[in-house]
Amino acid sequence: EENAWVSSDNLSVSVYPNPVAGNSLQLHLVSTMEDLVTVRIIDAMGRLMDEHSLLVQEGDNEAGIDITEMRSGVCIVQVITSTGKSKNIRVVKQ
C-alpha cells in the first residue's frame, strides 16, 4: 500500500487508501495556515473528472472524496493552494 506524502512550504498532502478498492478516497492535509485549496481528480487521459474546494485549517485536516464515478485505473489527485502551488499524487482505483 502506497501512502505518498507531497509537501510544499505550507501544505503536506497524503491520500489513502492507495490503491483504493471502494468508492471513497481520504485526503490528509497538514497546513501551516488557513487556506482555500482546490482538489481535482484527473484521469489518465488528462480529463478533469471532479473538482472540490476545501477550506483547510492550520494543522491536521481530513476530507473524503467520492470517487464512485471514477473508472478503474490510474488517476491524479491534484491539490492547488490559493497561491497557485500544486501537488499531484498518483492514485490507483481497483
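My aim in this report is to walk through the structure given alongside it, one point at a time. (Residues numbered from 1 in each chain as written. Predicted model: local features only at pLDDT ≥ 70, side-chain atom pairs only at ≥ 80, totals over all residues. Heavy atoms only, no water.)

**Considerations on the nonpolar core**
- Of all hydrophobic cores here, the largest spans 21 residues; its most connected members are L25, L27, L29, V77, V79 and V91.
- Where this core is concerned, the elements lending two or more residues are β2 (11-16), β3 (24-31), β4 (35-43), β5 (48-56), β6 (59-66), β7 (73-80) and β8 (86-93).
- Residues in contact with L25, not counting those within four places in the same chain, are V15, Y16, P17, V20, A63, G64, I65, I67, V77 and V91. (Core = buried A, V, L, I, M, F, W, Y, C linked by side-chain atoms within 4.5 Å. Buried < 20%, exposed > 50% of the residue type's maximum accessible area, 1.4 Å probe, protein only. Helix = DSSP H or I, 4+ residues; strand = E, 2+ residues; numbered from the N terminus. Contact = heavy atoms within 4.5 Å.)

**Remarks on the pairing of β8**
- Burial along β8 is one-sided: K87, I89, V91 and K93 are buried, and none of S86, N88, R90 and V92, which face the opposite way, are.
- Sheet topology note: the β7/β8 ladder contains eight bridges and is antiparallel. When the sheet's bridge partners are listed, V74 is paired in β8 with V92.
- Taking the residues between adjacent antiparallel strands as the criterion, β7 and β8 are bridged by five residues, where G84 takes a positive phi near 95 degrees. (Pairing = 2+ DSSP bridges.)

**Here's the deal with unusual backbone geometry**
- Residue Y16 is joined to P17 through a cis peptide bond whose omega torsion reads -10 degrees.
- Going from N18 to P19, the amide bond is cis rather than trans, its omega being 10 degrees.
- As for its placement among the helices and strands, P19 is situated in the loop between β2 and β3.

**Considerations on the environment of R71**
- Take R71: it is sitting in the loop between β6 and β7.
- Spatially, the C-alpha atoms of R71 and G59 are 32 Å apart, while their sequence positions differ by 12 residues.
- Ignoring any residue separated from it by four or fewer positions in sequence, one finds R71 in contact with R47 and K93.

**A word on the sheet that holds β5**
- Strands sit in the order β5-β4-β7-β8 across an open sheet of four strands; the sheet is antiparallel. Two strands bound the open sheet, and with one partner strand each, they are β5 and β8. Strand-to-strand, the axes of this sheet are offset by a mean angle of 20 degrees, without reference to chain direction. (Axes fitted to C-alpha atoms, helices over the stretch in contact; angles between N-to-C directions.)

**Some words on the environment of E69**
- Among the secondary structure elements, E69 is positioned in the loop between β6 and β7.
- Judged by its relative accessible area of 73%, E69 falls in the exposed class.
- In this structure the C-alpha to C-alpha distance between E69 and T32, which are 37 residues apart in sequence, comes to 32 Å.

**Some thoughts on the environment of R40**
- Relative to the assigned elements, R40 resides in strand β4.
- Measuring from C-alpha to C-alpha, the distance between R40 and I76 comes to 7.9 Å, with 36 residues separating the pair along the chain.
- Residue contacts for R40: discarding those within four places in its chain leaves L48, D50, E51, I76, V77, Q78 and I80.

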